[in-house]
Amino acid sequence: MLTIEQMSSLKGKKIYVRVDFNVPQKGGVIRDDNRIRAALPTLKYLVEHGARLVVMSHLGKIKWKEPDPAKIEEMKAANNLECAAIRLGELLPETKVYFSKDNRGEELKKAVEGLKDGEILVAQNTRYQKGEEKNDPELAKEWASLVDGFVMDAFGSAHRAHASTVGVPELLKAEGKEVALGYLMLKEVENLSKCVEPKEEDRPYVAILGGFKVSDKIKVIDSLLKKCDYVIIGGAMAYTFKKAMGMNIGSSPCEYDQLEYARTCLREANGRILLPVDAVVTDSFEPVEGRKILTVDTIIEKGGKIPEGFEGCDIGPKTREFYKEIISKARLVFWNGPMGVFEQDAFQEGTKAICEAIRGLKGKAFTVCGGGDSASAVKQFGYKADFSHVSTGGGASLEMIENDGHLPGVDVLK
Ligand code: ADP
Ligand code: MG
C-alpha cells in the first residue's frame, strides 16, 4: 500500500481526500472538533506539497427511506458540513479553505477547477447524495473524474464500502492513478494490525470486552477467542454469560436468544473467558433519589445473590482486583466496551479500574482501546496518554479485529 509520503509529485495535482469530519454538532455548533484536528497532519502535508485538495466527508445520517421530501430536507439541514469547513479554515489560518454547498454537478466542477496549489475545497456532506451509501457507480465516476489521485484518511468510515470510500479509489486505481493512505489511516492500520496478528513476545494477549450487547459483539468475541490468551468480560453482556452458566442474575440485562451462543463460547474457550465474580447492582437504572445501590457476590453457583428487582450496572471490587491482576501480566491488550454504565458516577469504578491497570502497563505492553463509548470513557477519565493507541474509529476498529485486518476502505488501496 502506498502512503502519502510515497506519492509522486503532488504539485498542482487535484487530490480527493476522504476524511472523517463526522463531528458531534447541533445547528452548526461543533461540540468536539477532534476528528477535524485528527486529519490535519495529512491535509497539511498535501497542502505543503502544493496539491489542490477536494475534501469529502459524511456527517450524520440521512434516512432516504423517509417518504416525506420535506423531512429529508430537514435531515440535510441538520447535517450541513459547512460548520466543519469553517472550523478547518480556523485551524489552518495560512491556507485558503473553501466550502462548496454542492457535492455534484457543474458548480462543484467549477469550484474544483478554480483551486490553486495548496488550496482546499470542502464539498458538502457526501450523504446528501442518495448513491453514496449504495456505492453508486455513476456517483463514484463523477467524483473520480474531478481529481488526479486519492488519499484515504477517514478511518472511522473505512468499514463502509460507499462511493466516497471505495467507489472513487477503485476507479482511480483502474485508471493508473495513485491512491494512498493518509497519516491517520496509517497509524490506525499499523496499531490495530498488532492486535490482529499477535507475535510470540505479545503473550499473554488479553482482550477486555464490555458494553451493552453480546449480539453486537459476536464476531469480535469469536475472533478474539482465536487470538487471545484471555478474554475478560464485563459490562451488560457479562450477565448473558452468567445466565448461560445457570446463575441467578436478578433483573440484570440478558439476551435470552444468545444463551446458546454464550455456552458454546464458554465451552470452546476452555477457561480462557473470565467473568465477573461480583457486581454493583441497583434497583433503579434511572438515577432517582433514594435508589438502592449494593455490591453483591455473583460467584455463588446456581441461585446466586443478585436480588430480584436489582440489576448489575458495574463490575464489583473483587472483580476489579481480579481483572487488574490478569491485565498486569499482559504484553498486548485490546479493549472494547466499558465495564459498566460509566455515564453515571455510581457505576464508573469498573471502567476506571481497567484504565488504571492499563496505566500500570505503560512501557511494558502494547495497549489499544477501540470502540466509540470505550474511547470516550478513556478520554473522559483522563487516561488517553496511558494507552499505546486509542482508535478514532468505533465500528471500524472492531471490524478490523473481526475481519483479520481487512476493511473495504483499506483493501481497496492495496
Ligand atoms: P463501545 O461503543 O465502546 O463499543 P458499546 O456501545 O458496546 O461500547 O457499549 C457501551 C454502553 O454499554 C454504554 O452506554 C454503557 O452504559 C452500557 N453498559 C455497560 N455496562 C452496562 C450494564 N451493566 N447495564 C447496562 N448498560 C451497560
Ligand atoms: Mg457504542
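Being a predicted model, the structure only gives us computed values, none of them experimental.

**As for the domain arrangement of the protein chain**
What the domain assignment lists for the protein chain is domain 1 (4–181) and domain 2 (189–402). Taking the mean C-alpha position of each, domain 1 and domain 2 sit 36 Å from one another. Each partner contributes to the interface: domain 1 provides four residues, whereas domain 2 provides nine residues. Inspection of the domain 1/domain 2 interface yields zero salt bridges. Here domain 1 is connected to domain 2 by zero residue pairs in polar contact (both at pLDDT 80 or more). A class-by-class count of the residues in the side of domain 1 that touches domain 2 yields one nonpolar, two polar and one charged.

**Brief notes about the pairing of strand β12 (residues 278–282)**
With five of its five residues buried, β12 lies for the most part within the structure. Residues Asp278, Val280 and Thr282 point to one face of β12 and Ala279 and Val281 to the other, with burial holding for every one of them. Across five bridges, the pairing between β12 and strand β13 (residues 293–297) is antiparallel. Bridge assignment links Val280 to a residue of β13, and that residue is Thr295. Pairing analysis gives four bridges linking β12 to strand β14 (residues 311–315), with the strands arranged antiparallel. For Ala279, the partnering residue across the bridge sits in β14 and is Ile315.

**Overview of the packing of aromatic side chains**
This structure, assessed with the given rule, holds six aromatic pairs. Relative to Trp143, the ring of Tyr16 lies with its centre 6.2 Å away and its plane at 55 degrees, an arrangement referred to as tilted. Taken as a pair, Tyr16 in strand β1 (residues 14–18) and Trp143 in helix α6 (residues 137–144) lie far apart in primary sequence, 127 residues in all. Residues Phe322 and Tyr323 carry aromatic rings whose centres are separated by 5.4 Å and whose planes lie at 45 degrees to one another, so their mutual orientation is tilted. Look at Tyr323 and you get buried, because its relative accessible area is 0%.

**Thoughts on unusual backbone geometry**
The linkage connecting Arg203 with the following residue, Pro204, adopts the cis geometry, with an omega of -5 degrees. Take Pro204: it is sitting in the loop between α8 (183–196) and β9 (205–209). Notably, Asn135 is not glycine yet its phi reads approximately 50 degrees, a positive angle. Mapped onto the elements of the fold, Asn135 is located in the loop between β6 (120–123) and α6. Owing to a relative accessible area of 21%, Asn135 belongs among the partly exposed residues under this scheme.

**Focus: the state of the cysteines**
Two cysteines whose sulfur atoms are joined by a covalent bond form what is called a disulfide. Counted under the stated rule, the structure contains zero disulfides. Cys313 takes part in no disulfide bond, and the closest cysteine sulfur to it belongs to Cys254, at a distance of 15 Å. Residue Cys313 is classed as buried on the basis of its relative accessible area of 4%. Cys369 carries a free sulfur, and the closest cysteine sulfur to it, the one in Cys355, is 7.7 Å from it.

**Focus: the site of ligand 1**
As a matter of local geometry, ligand 1 sits amid 20 residues, with Lys217, Asn336, Glu343, Asp373 and Ser374 nearest to it. With respect to ligand 1, the side chain of Lys217 contributes an N or O atom lying 2.6 Å from an oxygen atom. Surface burial for ligand 1 is 86%, taken as the share of its 580 Å² of free accessible area covered by protein chains. Broken down by element, the shell around ligand 1 gets its largest block of residues, three residues, from helix α14 (residues 372–380). Here the residues of the shell around ligand 1 are counted per class, giving eight nonpolar, nine polar and three charged.

**Quick notes on the pattern of salt bridges**
Under the counting rule described, the total for this entry stands at 23 salt bridges. One salt bridge connects Glu132 with Arg18, and the closest N-O pair in it is separated by 3.8 Å. Of this pair, Glu132 sits in the loop between β6 and α6 while Arg18 sits in strand β1; the two residues are 114 residues apart in sequence, bridging distant segments of the chain. Note on accessibility: Glu132 and Arg18 belong to one class, buried. A salt bridge links Glu90 to Arg87, with the nearest nitrogen and oxygen atoms 2.7 Å apart. In this pair, Glu90 and Arg87 both sit in helix α4 (residues 82–91), three residues apart, roughly one turn of the helix. Linked through salt bridges whose partners overlap, the residues forming this network are Asp33, Arg37, Arg87 and Glu90.

**A look at the sheet that holds strand β5 (residues 97–100)**
Either a parallel or an antiparallel arrangement is found when strands of a sheet pair, and the pairing is made through backbone hydrogen bonds. What the six strands build is an open sheet, ordered β5-β6-β4-β1-β7-β8; its pairing is parallel. Looking along the sheet, the strands with just one partner apiece sit at the ends: β5 and β8 (178–181). Direction aside, neighbouring strands of the sheet carry axes that sit 20 degrees apart on average. The pairing of β1 with strand β4 (residues 52–56) spans five bridges and is parallel. What sits directly across from Val17, in β4, is Val55.

**Quick look at helix α10 (residues 237–244)**
α10 sits mainly inside the fold: seven of its eight residues count as buried. For α10, every residue scored as buried is listed here: Met237, Ala238, Tyr239, Thr240, Phe241, Lys242 and Ala244. Following α10 by one or two positions, Gly246 has its phi on the positive side, about 90 degrees.

Rules used throughout
- Residues numbered from 1 in each chain as written.
- Chains lettered and ligands numbered in written order.
- Predicted model: local features only at pLDDT ≥ 70, side-chain atom pairs only at ≥ 80, totals over all residues.
- Heavy atoms only, no water.
- Domains from an automatic or database assignment.
- Contact = heavy atoms within 4.5 Å.
- Salt bridge = Lys/Arg side-chain N within 4 Å of Asp/Glu carboxyl O.
- Polar contact = N/O pair within 3.5 Å; in protein donor to acceptor, adjacent residues only side chain to side chain.
- Nonpolar A, V, L, I, M, F, W, Y, C, P; charged D, E, K, R; others polar.
- Buried < 20%, exposed > 50% of the residue type's maximum accessible area, 1.4 Å probe, protein only.
- Helix = DSSP H or I, 4+ residues; strand = E, 2+ residues; numbered from the N terminus.
- Pairing = 2+ DSSP bridges.
- Phe/Tyr/Trp six-rings, centres within 6.5 Å; stacked < 30°, edge-to-face > 60°.
- Disulfide = S-S within 2.5 Å.
- Near = heavy atom within 4 Å.
- Areas by Shrake-Rupley, 256 points an atom, 1.4 Å probe, with all protein chains shown as cover.
- Axes fitted to C-alpha atoms, helices over the stretch in contact; angles between N-to-C directions.

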